[in-house]
Amino acid sequence: MVRIRVLVVDDHRIFAESLAAALAAEPDVDVAAAGSGPAALRCLERAAAEGRRFDVALVDADLGGNMPGGRTAVPVQDTNADGLVDGISLVAGVRSAQPAVRTVVLAEKDDPRRAALALQAGASGWVAKDCSLSRLLTVIRGVLRDETHLPPALLTGVLRELTAARKHRTESERLVESLTPREREVLRCMVAGLGRKAVAERLYLSPHTVRTHMQNVLGKLGVHSTLAAVALARRAGVGPVDLTGDVVERGGQLA
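Residues numbered from 1 in each chain as written. Predicted model: local features only at pLDDT ≥ 70, side-chain atom pairs only at ≥ 80, totals over all residues. Heavy atoms only, no water.

1. Some thoughts on the overall build of the protein
No. 1: Each helix and strand in the protein was counted, giving 10 helices and five strands.
No. 2: Only carbon and sulfur atoms are counted for the fraction: they give 53% of the accessible area of the protein, which is about 13,400 Å². (Helix = DSSP H or I, 4+ residues; strand = E, 2+ residues; numbered from the N terminus. Areas by Shrake-Rupley, 256 points an atom, 1.4 Å probe, with all protein chains shown as cover.)

Right, here's the structure in full:
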């Protein structure tokens, strides 16, 4: 019998324990649980290193939300209180770190916008927390066949959100293409969170020149702040400059 390894990620201890117990009663399902995003990523990493990789992660859509003070982790998975990770961010983190693991988001209520964001982040499904166990098992087995599962009532709204996001991405890409190569490099530095002085040192430019490039970037993108420019850049698929390697470009003279 092929066994399915499932990781439940939820910071509501009673719900996580109850769901894990219900799934563990299935003859072909092995279950573990994590009480936070960082704990989940550590659990996935450790399991992969030990050759017992998880197949599916069930992630609370509201992970890390409305939890004043510290949180208690689910006993099955120890966790250090090392930061909050919301559910959709965790989906993206799992996709990046463990692309073979399918993620399904468990939600208190249907939300087309958040469901669309979850799919864009790499989720294979969005399921109501109050669905039946048989429905959840159907979804788990379905995503392992590369199926995408959404409640029928969400489908139209999610398609609308994805269409709008694609339109915004196209417009963002057009604006980014209007930048010069140097301005795009400066934008990538901005996406990486570098300030004017750090950009100047990295690109061998004067702070004054960098300031001019940044002003040009904001003007051409039609935004008024670095945060807005970074958000637009990310929509256009512009990633941060690699901060671990050598200086990006040595051309250019101090002005």
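2. Some thoughts on the packing of helix α3 (residues 87–97) against helix α4 (residues 112–121)
No. 1: For the pair α3 and α4, the least separation of the axes is 8 Å and the interaxial angle reads 15 degrees. The angle between α3 and α4 places the two elements in the roughly parallel class. The two elements α3 and α4 cross, and the hand of that crossing is right-handed. Listed contacts from α4 to Ile88, Val91, Ala92 and Arg95 of α3 are Arg114, Leu117, Ala118, Gln120 and Ala121.
No. 2: Looking at the contact of α3 with α4, its residues break down into six nonpolar, one polar and two charged. (Axes fitted to C-alpha atoms, helices over the stretch in contact; angles between N-to-C directions. Parallel < 35°, antiparallel > 145°, perpendicular 65-115°, else oblique. Left-handed = near helix turned anticlockwise from the far one by under 90°. Contact = heavy atoms within 4.5 Å. Nonpolar A, V, L, I, M, F, W, Y, C, P; charged D, E, K, R; others polar.)

3. A look at the packing of helix α7 (residues 181–191) against helix α8 (residues 196–203)
No. 1: The contact between α7 and α8 brings their axes to 10 Å, and the two run at 130 degrees. Looking at the two axes, α7 sits oblique to α8. Every pair of crossing elements has a handedness; the one defined by α7 and α8 is right-handed. Contacts between α7 and α8 pair Arg182, Glu185, Val186 and Cys189 from the former with Val199, Arg202 and Leu203 from the latter.
No. 2: Tallied by class, residues from the contact of α7 with α8 come to four nonpolar, no polar and three charged.

4. Brief notes about the nonpolar core
No. 1: Counting residues in hydrophobic clusters, the biggest one holds 26 residues, and the most contacted among them are Val176, Leu187, Met190, Val199, Leu221 and Ala229.
No. 2: Counting residues per element, the ones that place at least two in this core are α6 (152–177), α7, α8, α9 (207–221) and α10 (226–235).
No. 3: Those residues in contact with Leu187 that lie beyond four places of it in its chain are Val176, Leu179, Val217, Leu221, Ala229 and Ala233.
No. 4: The next biggest cluster of nonpolar side chains, apart from the first, holds 18 residues, and it includes Val8, Val29, Leu106 and Ile140. (Core = buried A, V, L, I, M, F, W, Y, C linked by side-chain atoms within 4.5 Å. Buried < 20%, exposed > 50% of the residue type's maximum accessible area, 1.4 Å probe, protein only.)

5. Looking at the pairing of strand β3 (residues 56–60)
No. 1: Where burial is concerned, most of β3 is hidden: five out of the five residues are buried.
No. 2: A two-sided burial pattern is seen for β3, the buried positions comprising Val56, Leu58 and Asp60 on one face and Ala57 and Val59 on the other.
No. 3: The pairing of strand β1 (residues 4–9) with β3 spans four bridges and is parallel. When the bridges of β3 are listed, Val6 appears paired with Val56.
No. 4: Where β3 and strand β4 (residues 102–107) come together, five bridges link them in parallel fashion. What sits directly across from Leu58, in β4, is Val104. (Pairing = 2+ DSSP bridges.)

6. A closer look at α10
No. 1: If you check which residues of α10 are buried, you get Ala229, Val230, Leu232 and Ala233. All buried residues of α10 lie within an arc of 165 degrees about the axis, which places them on one face of the element.
No. 2: Of the residues flanking the end of α10, it is Gly237, one or two places downstream, whose phi is positive at about 85 degrees. (Arc of directions from axis to C-beta.)

7. Here's the deal with the packing of aromatic side chains
How two aromatic rings sit relative to each other is given by the distance of their centres and the angle of their planes.
No. 1: Scanning all chains against the criterion turns up zero aromatic pairs.
No. 2: The positively charged end of Lys129 is found above the aromatic ring belonging to Phe15, 4.5 Å away from the centroid. (Phe/Tyr/Trp six-rings, centres within 6.5 Å; stacked < 30°, edge-to-face > 60°. Lys NZ or Arg CZ within 6 Å of the ring centre and 35° of its normal.)

8. Brief notes about the environment of Glu108
No. 1: Residue placement: Glu108 occurs in the loop between β4 and α4.
No. 2: On a C-alpha basis, the gap between Glu108 and Asp60 in space is 8.7 Å, while along the polypeptide they are 48 residues apart.
No. 3: Once you skip the residues sitting within four places of it in the chain, Glu108 turns out to touch Asp62 and Lys129.

9. What about unusual backbone geometry?
No. 1: In the Ramachandran plot, Asp146 falls in the positive-phi region, its phi being about 65 degrees despite a non-glycine side chain.
No. 2: Locating Asp146 in the fold gives a position in the loop between α5 (133–143) and α6.
No. 3: Residue Asp146 is classed as exposed on the basis of its relative accessible area of 58%.

10. Structural notes on α8
No. 1: Taken as a whole, α8 has its buried residues at Val199, Ala200, Arg202 and Leu203. End-on, the buried residues of α8 take up no more than an arc of 165 degrees, which puts them together on one face. More than 90 degrees from the buried face of α8, the exposed residues found are Lys197 and Glu201.
No. 2: Buried residues along α8 sit in contact with α7 and α9.
No. 3: Note on α8: the residue one or two positions beyond its end, Tyr204, has a positive phi of about 55 degrees.

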